[in-house]
Amino acid sequence: MPDSGNVQEVRERFAATADGVAEHAQQQVEMVREQLESFVMPRGDERAVDVGTGAGTLALALAPLVRDVVGVDLVPELLERARANAPANVTFVEGDATSLPLESGSFDLACTRRTLHHIARPELAVAELVRVTAPGGRVFVDDQIAPVDPLAALELDRFEQARDPSHTRTLPDIDFRHLFEANGLVLLQTRIQSHRRELDYYLGLAGCEGEARERVRALSPGGPEAYVAESALYLLKKV
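These numbers come from a predicted model, not from an experiment.

About the thresholds
Residues numbered from 1 in each chain as written. Predicted model: local features only at pLDDT ≥ 70, side-chain atom pairs only at ≥ 80, totals over all residues. Heavy atoms only, no water. Pairing = 2+ DSSP bridges. Helix = DSSP H or I, 4+ residues; strand = E, 2+ residues; numbered from the N terminus. Axes fitted to C-alpha atoms, helices over the stretch in contact; angles between N-to-C directions. Contact = heavy atoms within 4.5 Å. Salt bridge = Lys/Arg side-chain N within 4 Å of Asp/Glu carboxyl O. Buried < 20%, exposed > 50% of the residue type's maximum accessible area, 1.4 Å probe, protein only. 1 Å grid on protein atoms, 1.4 Å probe; cavity = no way out; pocket = protein on both sides within 12 Å on 5 of 7 lines; lining within 4 Å. Points joined across faces, edges and corners; volume = space filled by probe spheres on them. Nonpolar A, V, L, I, M, F, W, Y, C, P; charged D, E, K, R; others polar. Phe/Tyr/Trp six-rings, centres within 6.5 Å; stacked < 30°, edge-to-face > 60°. Lys NZ or Arg CZ within 6 Å of the ring centre and 35° of its normal. Core = buried A, V, L, I, M, F, W, Y, C linked by side-chain atoms within 4.5 Å.

Asks: Can you lay out the sheet that holds strand 5 (residues 133-144) for me, pointing to particular residues and giving the numbers?
Replies: The 7 strands lie next to each other as 3-2-1-4-5-7-6, forming an open sheet whose pairing is mixed. Of all strands in the sheet, those bounded by a partner on one side alone are strand 3 (90-94) and strand 6 (185-198). Looking at each pair of strands side by side, their axes are set apart by 15 degrees on average, direction ignored. By the bridge criterion, 4 bridges tie strand 1 (residues 47-51) to strand 4 (residues 107-113) in an arrangement that is parallel. Across the sheet, the residue bridging to valine 49 is alanine 110, located in strand 4. Of the strands in this sheet, strand 4, strand 5, strand 6 and strand 7 (226-238) are in contact with helix 2 (residues 18-39), which crosses strand 6 at around 150 degrees. Most of the contacts of helix 6 (residues 150-163) go to strand 7, to which it runs at about 95 degrees, and overall it touches strand 5, strand 6 and strand 7.

Here's what the structure looks like:
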């Protein structure tokens, strides 16, 4: 079962910041679509699922590249905003990433973007991604990764949890690889990338305001103005 406390934190955090998250999502769609075209290279005929879709960034980016997309998220307020921009081949449903309301083996492409660090037991979410993927289908994961240095990773998580209470843990690359291997996935390719995050914008996006904002700013691993986040893209195959 998912951690009910964490689920509630996720719902509350994203319900309270839904407008800002939706605006940010819309700004990201074209960039994510270009990323998917070059990294995933969809064939055009796939049935795809976007788990932890939020306001629909990945689902909307995928829409013109595949046959149809189902986006799943815990937060009704985000799904409402995602539906407002959805073309006819995209459907959004409410559901938990660790217990998807979807049939086994029903998708050619299962995706999740910037979601696993919000889940107390990410291994359950990865298992669900694999369950709903058809044999021979592909799994795409995009998430922030932790530094190799455990002290630096602890410092990063302390900051991220203070910035956003729905954050659980940033996994290092090796942990992702172990999760994939444990679920019988074959790694096809990976890409590591860095992003400079302006602190004022990202604190606002998480609804971090007032006195808390200054306390969190002091914890930033990159100083009070910005920090550099590292993320990884993984493309895998279910055999």
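Asks: Can you lay out the side chain of aspartate 68 for me, pointing to particular residues and giving the numbers?
Replies: Relative to the assigned elements, aspartate 68 resides in strand 2 (residues 68-73). Among all residues touching aspartate 68, those that are not within four sequence positions of it are Glu46, Arg47, Ala48 and Asn89.

Asks: How would you sum up the pattern of salt bridges? Please name residues and give values.
Replies: Summed over all chains, the structure comprises 21 salt bridges. Its salt-bridge partner being arginine 43, residue aspartate 45 comes within 3.1 Å of it at the nearest N-O pair. We classify aspartate 45 as partly exposed; its relative accessible area is 42%. In this structure, arginine 113 engages aspartate 142 in a salt bridge whose closest nitrogen and oxygen atoms are separated by 3.5 Å. Of this pair, arginine 113 sits in strand 4 while aspartate 142 sits in strand 5, placing them 29 residues apart in sequence. The class of aspartate 142 is buried, set by a relative accessible area of 1%. Look at the salt bridges and you will find they share partners, linking Asp200, Glu209, Arg213, Glu214 and Arg217 into a network.

Asks: If you had to explain the layout of surface pockets to someone new, which residues and values would you point to?
Replies: Its volume calculated, the largest pocket comes out at about 960 Å³. In terms of lining residues, the largest pocket is bounded by 50 residues, among which Phe14, Arg113, Arg114, Thr115 and His118 are the most central. Among the secondary structure elements, those contributing two or more residues to the lining of the largest pocket are helix 1 (4-16), helix 2, strand 1, helix 3 (57-62), strand 2, helix 6, strand 6 and helix 8 (199-205). Of the residues in the lining of the largest pocket, the class split is 20 nonpolar, 18 polar and 12 charged. Counted as a void, the second largest pocket has a volume near 160 Å³. The wall of the second largest pocket is formed by 14 residues, among which Pro147, Leu156, Pro221, Val228 and Ala229 lie closest to the centre.

Asks: Break down the packing of aromatic side chains for me, with residues and values.
Replies: Evaluated as defined, the whole model comprises 6 aromatic pairs. One aromatic cluster is present, built from ring pairs that chain together Phe176, Phe180 and Tyr234. Taking the ring centre of phenylalanine 14 as reference, the NZ or CZ of arginine 13 above it sits at 3.9 Å.

Asks: Can you break down the nonpolar core residue by residue, with the values?
Replies: Counting 27 residues, the largest nonpolar core has Val49, Leu102, Val141, Phe176, Phe180 and Tyr234 as the members making the most contacts within it. Ranked by the residues each element gives to this core, the list is headed by helix 5 (residues 122-132), at 5 residues. Once residues within four sequence positions are removed from consideration, phenylalanine 180 is found in contact with Val126, Val141, Leu185, Tyr234 and Leu236.

Asks: Go over unusual backbone geometry, please, and point to the residues and values.
Replies: Although it is not a glycine, methionine 41 sits at a positive phi angle of roughly 50 degrees. Along the chain, methionine 41 turns up in the loop between helix 2 and strand 1. Although it is not a glycine, arginine 114 adopts a positive phi angle of roughly 55 degrees. Within the secondary structure layout, arginine 114 lies in the loop between strand 4 and helix 5.

Asks: Let's hear about the environment of leucine 171: which residues, and what values?
Replies: Along the chain, leucine 171 turns up in the loop between helix 6 and helix 7 (173-182). Look at leucine 171 and you get buried, because its relative accessible area is 7%. Residues leucine 171 and serine 38, 133 residues apart in the sequence, show an inter-C-alpha distance of 25 Å. Excluding its chain neighbours within four sequence positions, the residues that come into contact with leucine 171 are Pro122, Gln144, Ile145, Ala146, Phe176 and Leu179.

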